Amino acid sequence: MTPQRFFLPLLLLLALAVPHVTRGTQTEFAIELIVFGIFALSLNILIGRLGLISFGHGMFLGIGAYLAAFQLRFLTDNLLLLLLAAVLVGAALALLVGALVLRLGGVGFVMITIALCQLFYVVILSTQSWSGGINGLTSIPRPTLWKGEGVPEWLSLDTGSTFYYVALACLVAFLYLQLRLDRSAMGSVFEGIRQNPARMRALGYPVRWFQLAGFVMAGAAAAVAGTLHAALFGFVDPTVFFWTTSGEVILMVILGGVTTLYGPLIGAAIFLTLFHYLSGLTDHWRLVLGLIFIVVVLWAPRGLLPLLKERWNARTRTARRGDAAAAPPSAAAVAGEAQS
C-alpha cells in the first residue's frame, strides 16, 4: 500500500473527529486552517500546474470576503447563494484580470498582479462610507443553510462543529475536482506548460487560453475561501487585499510542496500554527518565521511533502532489500548449487 492510500483515509477520519475533541477557539482555528488550505490550493493551480507566480492572488480572497459581507448585510444569508456568487464573481474577475496580465508573462506578470491587488486595497481605503475604509466591516452575521424557524441546532452555522463540517465539505470537493483536473487531458497540458510553455506553443497548443482557464479556476476557488473567511470571523478589513496576504500564501505553497496536491494544505497548517504561536511570544514573529522558512527551503528545496515522500520511498526500498536478503534461497537455487 502506498503512503497516499494509507494516510489519506486516516487523515479524513481525524478531520471528521476534530469537532468532537476541540471547542470554542480551537474549532475556529481548525476552520481557519481549512479556509486558508483552500486559498493555498487555489494558488497552487497557478504555481504548481502552470508555473505562474502571482503576488496578487489576495484580490480574489478579498473580493469573496467583501462580496459575502455585503450580501450577508443587505441581500441574503443563504450559504449556497453566497458560495455560488463567490464562484461567479471570482471567475468573472479572474477572466478580466487574466486577459490583461497573462499576455505580459515573467516579471511583468508579477508586477501587474501586485499593482492590481494594491489598487483594490487603495479603493477600499478611500471608500469609507460603504466599505468601512481602514476599519473594515464588522458585525457580519453568520449565513444559514436554509431559512425557516425551528432549525435543529446541529444544522445551524452558529454552531462551530456545523460550520467546520461545511468548510471541510468545500475542501474535500475542491480536492476532488483538482485531482480530476490533474488526471485529465487538460491537467497534462497544464503540466506541459509549467515545464516548457515554448515547446507546448510549438506543438500547437493555445498556451495563453489554457493559462487563462487555470487563472479563472484559481480566482473562483480563492473567492470561495474569502466567503468562508468573512462568514467565519464576522469581520473583513482591507488587509486581505494587501500584497503581504498574497506573499504569505505563496510561502504556504512553497513550504508544503509546489508540485504536489496536498502540499499546500500542509504548508498552510504549518504557517498558521507558527503565526498564532510566534505572534503570542514576540512582536518580531515575522523575523523568526522568515528564518524558519529559510531553513526549510535549504533543507527541503522542493517542499516538505516531497521530502517526506522521498524518505518514505527510501525506507521502503531499504526494507525490501533487507527482506530479500533475509529470505531463504529457492529450491531451484539450492539445486543449482548442488549440481555445481
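From a predicted model like this one, the values you see are computed outputs, not experimental measurements. (Residues numbered from 1 in each chain as written. Predicted model: local features only at pLDDT ≥ 70, side-chain atom pairs only at ≥ 80, totals over all residues. Heavy atoms only, no water.)

Engineer: Quick question: what am I supposed to make of the overall build of the chain here?
Structural biologist: From N to C terminus, the chain includes 15 helices and zero strands. Long-range contacts, defined here as pairs at least 24 residues apart, represent 77% of the contacts in the chain between residues at least 6 apart. (Helix = DSSP H or I, 4+ residues; strand = E, 2+ residues; numbered from the N terminus. Contact = heavy atoms within 4.5 Å.)

Engineer: What is the right way to look at the environment of Leu93 in this model?
Structural biologist: Within the secondary structure, Leu93 is located in helix H4 (residues 79–101). Every residue in contact with Leu93, bar those within four places of it in the chain, is listed here: Phe60, Ile63 and Phe120.

Engineer: Hey, could you run me through helix H3 (residues 58–74) in this one?
Structural biologist: Every α-helical turn comprises 3.6 residues, leaving residues that sit three or four positions apart pointing alike. With 17 residues, H3 should cover 24 Å at 1.5 Å per step; its first-to-last C-alpha distance of 24 Å lies within 8% of that length. Burial runs high along H3: 13 of the 17 residues are buried. (Expected span 1.5 Å × (residues − 1). Buried < 20%, exposed > 50% of the residue type's maximum accessible area, 1.4 Å probe, protein only.)

Engineer: Would you mind going over the pattern of salt bridges with me for this structure?
Structural biologist: Inspection of every chain in the model, using the stated rule, returns two salt bridges. Where Asp182 meets Arg49, a salt bridge forms, and the shortest distance between an N and an O atom there is 2.7 Å. Of the two residues, Asp182 is situated in helix H7 (residues 160–182) and Arg49 in helix H2 (residues 25–50); the sequence distance between them amounts to 133 residues. We classify Asp182 as partly exposed; its relative accessible area is 29%. The shortest N-O distance in the salt bridge between Arg194 and Glu191 comes to 2.6 Å. Linking Arg194 with Glu191, this pair stays in helix H8 (residues 185–195), spanning three residues, or about one helical turn. Arg194 gets classed as partly exposed once you look at its relative accessible area, which sits at 28%. A relative accessible area of 29% places Glu191 in the partly exposed class. (Salt bridge = Lys/Arg side-chain N within 4 Å of Asp/Glu carboxyl O.)

Engineer: Can you walk me through the packing of helix H11 (residues 243–256) against helix H13 (residues 285–299) in this structure?
Structural biologist: Where H11 contacts H13, the axes come no closer than 11 Å and their chain directions differ by 30°. One element, H11, and the other, H13, form an angle in the roughly parallel class. For the crossing formed where H11 meets H13, the hand is left-handed. Judged by residue contacts, Glu248, Leu251, Ile254 and Leu255 of H11 engage Trp285, Phe293, Val296 and Val297 from H13. (Axes fitted to C-alpha atoms, helices over the stretch in contact; angles between N-to-C directions. Parallel < 35°, antiparallel > 145°, perpendicular 65-115°, else oblique. Left-handed = near helix turned anticlockwise from the far one by under 90°.)

Engineer: Just checking my understanding: could you explain the environment of Val288 for this structure?
Structural biologist: One can find Val288 in helix H13. Residues Val288 and Leu274 lie 14 residues apart in sequence; the distance between their C-alpha atoms is 9.4 Å.

Engineer: Can you help me understand the side chain of Gln118 in this one?
Structural biologist: Considering the arrangement of structural elements, one finds Gln118 in helix H5 (residues 106–125). A polar atom in the side chain of Gln118 sits 2.9 Å from the backbone nitrogen of Trp243. If we skip the residues at most four places from it in the chain, Gln118 touches Phe241, Phe242 and Trp243. (Polar contact = N/O pair within 3.5 Å; in protein donor to acceptor, adjacent residues only side chain to side chain.)

Engineer: Quick question: what am I supposed to make of the nonpolar core here?
Structural biologist: Generally speaking, a soluble globular protein has its nonpolar side chains buried in company with each other. In this structure, Phe215, Val236, Phe241 and Met252 are the most contacted members of the largest nonpolar core, which totals 84 residues. Apart from residues lying up to four places away in sequence, Met252 is in contact with Phe36, Ala40, Gly263, Pro264, Gly267, Ala268, Phe271 and Leu272. Counting residues in each nonpolar core, the second largest holds six residues, with Leu255, Val296, Ala300 and Leu304 among its members. (Core = buried A, V, L, I, M, F, W, Y, C linked by side-chain atoms within 4.5 Å.)

Engineer: Is there a simple way to think about the side chain of Asp237 in this case?
Structural biologist: Here Asp237 is to be found in the loop between helix H10 (207–233) and H11. Classification of Asp237 by relative accessible area gives buried; the value is 18%. Looking at Asp237, its side chain comes within polar contact range of the side chain of Thr239, at 2.8 Å.

Engineer: What exactly am I supposed to notice about unusual backbone geometry here?
Structural biologist: Glycine aside, residues mostly have negative phi, and peptide bonds are mostly found in the trans state. In this structure, Ser139 takes a positive phi of about 55° despite not being glycine. Its location among the elements puts Ser139 in the loop between helix H6 (128–131) and H7. By relative accessible area, Ser139 is classed as exposed at 65%.

By themselves, these are just geometric observations and shouldn't be taken as functional.
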